[in-house]
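# Structure assessment
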Amino acid sequence: LAQGAHWLKDDSQPIAGNQSTMKCHALWLLYLLYSQVWALHGENGLTLRGSLALSQAPGPAPAPAPSPALDGVQPDLGPEGQVGDAGPDGPDGPPGPPGPPGPTVMVAMPGMPGMPGQQQQSGQDAYSAQFLKDVDTFNSPAHFVRCSVSRLPNSLSAKQRLSIPLGVVLQPLAPLPPDIEPVPSVNFGVVGTIVRCKQCRTYVNPFVQWEANGRRWNCNLCGFSQLTPDPYYASLDESGKRMDRFQRAELHKGAVEYIAPGEYMVRPPQPPVFMFVIDVSYTSVVTGLLQTVVTSIVEAIQSGKIPGGQRVQVGIITFDTSLHFYNLNSNLSQPQMLVVSDLDDLFLPLPDDILVPLAESEAAIVNLLESLPGTFGETKVNESCLGSAVRGAFMAMKHIGGKLLVFGACIPSVGELALKSTRDNPRLLGTDREVELLRPAGNDGYKELGKELTPAQISVELFLAPQAYMDLASICPLAKFTGGDVHYYPQFNINTCFEKFKSELVHVLTRYMGWEAVMRIRVSRGWKITKFDGHLFIRGQDLLVVPNCHQDQTFAIQIDMEENVTPDPVLYVQSALLYTNSEGERRIRVHTWAAMTTPNFNDIIGSIDVQASAVMMSHQALDQSLKTNQTDGRNKLSSFCQQVVQAGNLCPQSDALQFLPLYIMGMLKSAAFRATNDISADLRTYIWMRLETMSVSQSAAFFNPRLMALHSSPEECRMPNDHGQIQLPEMLNLTSESMTQDGVYLLEDGESMYMWIGRAVDSNFLQAVFGMGSFDQLDVLAAESVVGTRNDPLSEKVGNIIRQVRSERPTPFLQLQIMRQGEPKEAKFFAALIEDRTVGMQSTYTEFLQRMGYRSPQATPPQQGGMPQMPPPGPAGMMGGPGGPPMNRGY
């Protein structure tokens, strides 16, 4: 074998025709001899070395060829014909047939000093180190793709030891962090078409393998070998990499955006279309919802920030117990209103001019919007035909598609898909039967309507601002299955909710977005996708339809090993989002992510992404809660936590295993999962909808909020740095022991901000920030509008901190709620201090860990919180502090 391999690799002499034939025959004989050694001695009988190894780097091995080729000998053929490539942690191919013990046959190549076993391990370590470096360099960045672990188990037995759900969270159009270069655009116009695998349709990426001096390439997901298109050819360097890889973004960037050629279009690119469907019932008028909606839309239009320029089209429909269509033709002196009262036989009262170009009819649209509060100001109609209104909008825009924004103030009680307020049953809240209120009523009518809208490329965005029960559980599938979102404003009042509502609506209209989008996610051999999470519609088995995609949209996949298939040494995940941008360009946003597998349990544990793992756990717990009941969902979280704590007992050096239980306890104490009757069915439904689409960082903040002291914040928090960022105060542990009665604290959970003011606060702070001289004089409603506006350095510092927190959470708008010590609403603040006993669970973090099975040789639990270590109690510590008595832990 050694002599044959050496001769076959000798390319120093030119090969004549008969010599080439001789080498082919020699290669075939070498392959037969190799197979006999395998049959006699199994996987221990032969160790490939040097140039006989099929691949020098971890990655999928090509499938065995039925006939010999000059590229080399096929390695490690198992009994089922599978290929076992020697990965970083040893051979992972299938075991060979049993045979009698015999001597180990080594194939040693010339020029390789040292002991063969040591040299092989050294080579594998070098290859692993190089590949890990490539992963760090070429993977799609973490703001686009995050996996629950970055080193995956390489066998079913290794996976069964892992207590973490395996999954990937994707935010394909995520906004870029500061100082991050934009996603590069790639144009394959010269090549003629985008280079993709002919078998599995994977897009060419930094991890594909090149051979035959660049004339062929192997797909890294399926292993298929194929010819390189002539216009795309480039020679290879001495390491087997393309010479031009750093000149081509798709070969050295994990995140790229292809300019799609005509073959990726089935119709002309869709323009940006916004259809506003507005509730004009009595509740909408008297609460100020109607005024807030029209003011927000007008502001977005007049800002000029709605993407699409001259291509944007707009339509307006209003409804109460009838539908009101509007002719927005720019040639009319004023828009015409056409009323359709027969909800059982809906029709379009005019074929054209319901949707009109914004650039041509801006004046008519703005005038109509500003007239609506006066037109319906005296209405006494207090019912809603929301379902019929969506149907009417569908009829008006199904020929083109677009974004359907629905604004509702009360439960849809008439017309199509009418609902009944009697379904609400507060006595079920906090019980195992609460889930009955969290499932859609009847026959899933709004879900079925959503399924009708999706093929027409219509996405629904719901803005619901009721004063009473609205049955969100029945209505929300309309947004979920069309790729939309739900915005919920219970007890809406224009005086308190105007800024939040306006900010979120303007954001929806002006953020980066795409149209008529579809997405497909692929994983490499040996792995499978078991579930898709997010707001989307699945067409067929794996085509995700998202009529309107945008920068805030997050999806997740749950993955598992294929049965009876040995996974490749590397897991590859590639997502491809095909969409039309607002400028009418068809684009394909591709993210490629790779991670090595390993049998080493400590390596897997050490690679846990705590926040991404928490997201995957919350998705599984939500699924379980809705499938059976919330008790089962909580039990699933507790089971996860027990396994994590037990693993932490075995691996006490793992930071991830020490911090993950805090996030799980935060889930159990959160409004999403806690077994209390203070969370209405509508609010619980809204929270569940939000968790399905939240980014990883927002989900982490929801379960493990940020707490910071404002009264003692350093002076560095007042002025922005060179990048325009404000330094935030040090994060505090989520316990009342971090607080003092003379302090002012800001808590942020990704959805809201709370400012708590202690009774013994310094009057100078109150005067500087709020313009009020004492604690008793403080008017919290007035104070919320004053923060950061006074001409005072301390006021400026507090205002900048709040603005910085908001800039890190572009959506939803973090409304500030100020509460004084002793007020009833401070219960919201203390419910978020998850390391204390709370309304959600009467256990401290220490008690929770002990109940989960935590053991420590020192008999003390791990440092709480996953936050920076706080100073010990005392004169300089956070428990006492100058000027104020210690806080009571039971607060």
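Above this text is the structure in question.
A few points on the structure. Here the residue index of a chain counts from 1 through its sequence in written order. Where totals are concerned, whole chains, interfaces and linings use all residues; where local detail is concerned, this predicted model gives features only for residues with pLDDT of at least 70, and gives and counts side-chain atom pairs only at 80 or more. By convention in this description, side-chain values take in all heavy atoms of the structure and omit both hydrogens and water.

Turning our attention to the pairing of strand E12 (residues 255–259). Here's how the labels work: a residue is buried when its accessible area is under 20% of the maximum for its type, exposed when over 50%, partly exposed in between, all with a 1.4 Å probe on protein chains only. Runs of H or I in DSSP of at least four residues are treated as helices and runs of E of at least two as strands, each being numbered from the N terminus. Along E12, four of the five residues are buried, which leaves the element largely enclosed by surrounding structure. Alignment of strand E8 (residues 185–186) against E12, held across two bridges, turns out to be parallel. From the neighbouring strand, Ser185 faces E12, where its bridge partner is Glu257. A pair of strands is treated as paired once DSSP finds two or more bridges between them. Relative to strand E27 (residues 586–598), E12 is paired through five bridges, and the arrangement is antiparallel. If you follow Val256 over to E27, its bridge partner there is Val590.

As a further point, take the nonpolar core. Within this scheme, the nonpolar core is defined by two criteria: the residues are buried Ala, Val, Leu, Ile, Met, Phe, Trp, Tyr or Cys, and they are joined through side-chain atoms within 4.5 Å. Met275, Val277, Leu323, Leu404, Leu462, Met617 and Phe829 are the most contacted members of the largest nonpolar core, which totals 142 residues. In terms of residue count, helix H17 (residues 655–669) provides more of this core than any other element does, nine residues in total. Contact criterion: two residues are considered in contact whenever any of their non-hydrogen atoms come within 4.5 Å of each other. Setting aside residues no more than four positions away along its own chain, Leu462 makes contact with Val406, Ile475, Cys476, Leu478, Ala479, Asp485, Val486 and His487. Ile278, Val298, Leu368 and Ala465 belong to the second-largest nonpolar core, a separate cluster that totals 41 residues.

Of note, Ser459 is situated in strand E19 (residues 458–464). Judged by its relative accessible area of 0%, Ser459 falls in the buried class. Any pair of N or O atoms that falls within 3.5 Å is considered a polar contact. Within protein, one atom must be able to donate a hydrogen and the other to accept it, and sequence-neighbouring residues count only if both atoms are side-chain atoms. Within the structure, Ser459 has its side chain in polar contact with the backbone oxygen of Thr482 (distance 3.0 Å). Sequence-distant contacts of Ser459, defined by excluding residues within four places in its chain, comprise Gly402, Lys403, Leu404, Thr482, Gly483, Gly484, Pro547 and Asn548.

The linkage connecting Thr811 with the following residue, Pro812, adopts the cis geometry, with an omega of -5 degrees. Mapped onto the elements, Pro812 comes out in the loop between helix H22 (793–808) and strand E31 (815–820). Unlike most non-glycine residues, Asp353 shows phi in positive territory, near 70 degrees. Here Asp353 lies in the loop between strand E16 (336–340) and strand E17 (356–357). Even without a glycine there, the phi angle at Gln457 is positive, about 60 degrees. With respect to the helices, strands and loops of the structure, Gln457 is situated in the loop between helix H10 (445–453) and E19. Among the residues examined, Gln457 registers a relative accessible area of 12% and is labelled buried.

Note on definitions: salt bridges are taken to be side-chain nitrogens of Lys or Arg within 4 Å of carboxyl oxygens of Asp or Glu. With the rule as written, the count across this model stands at 38 salt bridges. The closest approach of N and O atoms between Lys480 and Glu692, which form a salt bridge, is 3.1 Å. Of the two residues, Lys480 is situated in helix H12 (residues 477–480) and Glu692 in helix H18 (residues 681–693); the sequence distance between them amounts to 212 residues. Each member of the pair Lys480 and Glu692 is classed as buried. Across the pair Lys531 and Asp533 runs a salt bridge whose closest N-O atoms are separated by 2.7 Å. Judged by its relative accessible area of 31%, Lys531 is partly exposed. The network of salt bridges with common partners includes Arg242, Asp244, Arg248 and Glu250.

Note that Lys828 resides in helix H23 (residues 826–831). You can call Lys828 partly exposed: its relative accessible area is 46%. A sequence separation of 74 residues divides Lys828 from Tyr754, and the C-alpha atoms of the two residues are 8.4 Å apart. Ignoring anything within four residues of it in the chain, the contact list for Lys828 reads Tyr754 and Gln817.

Looking now at the sheet that holds strand E30 (residues 752–757). Spatial strand order, E28-E29-E30-E31: four strands in an open sheet with mixed pairing. Edge positions in the sheet fall to strand E28 (706–709) and E31, since each of these pairs with one other strand and no more. Neighbour to neighbour, the strand axes of the sheet diverge by 20 degrees on average, direction disregarded. Sheet analysis places strand E29 (residues 744–748) next to E30, joined by five bridges and oriented antiparallel. Note that in E30 the partner of Glu748 across the bridge is Met753. The angle between two axes is taken between their N-to-C directions and runs from 0 to 180 degrees, where each axis is a line fitted to C-alpha atoms and a helix contributes only its stretch in contact. Sitting on the sheet, H22 is in contact with E28, E29, E30 and E31, with an inclination near 155 degrees to E30.

This brings us to the sheet that holds strand E25 (residues 555–561). One open sheet accounts for four strands, arranged E5-E7-E25-E22; its pairing is antiparallel. In this open sheet, the two strands that pair with only one neighbour each are strand E5 (145–147) and strand E22 (527–533). Neighbour to neighbour, the strand axes of the sheet diverge by 25 degrees on average, direction disregarded. As judged from the three bridges shared by E5 and strand E7 (residues 167–170), these two strands associate in the antiparallel manner. Looking across to E7, one finds that Cys147 is bridged to Val168. The strands touched by helix H15 (residues 610–627) are E5, E7, E22 and E25; relative to E25, the strand with the most contacts, the crossing angle is about 90 degrees.

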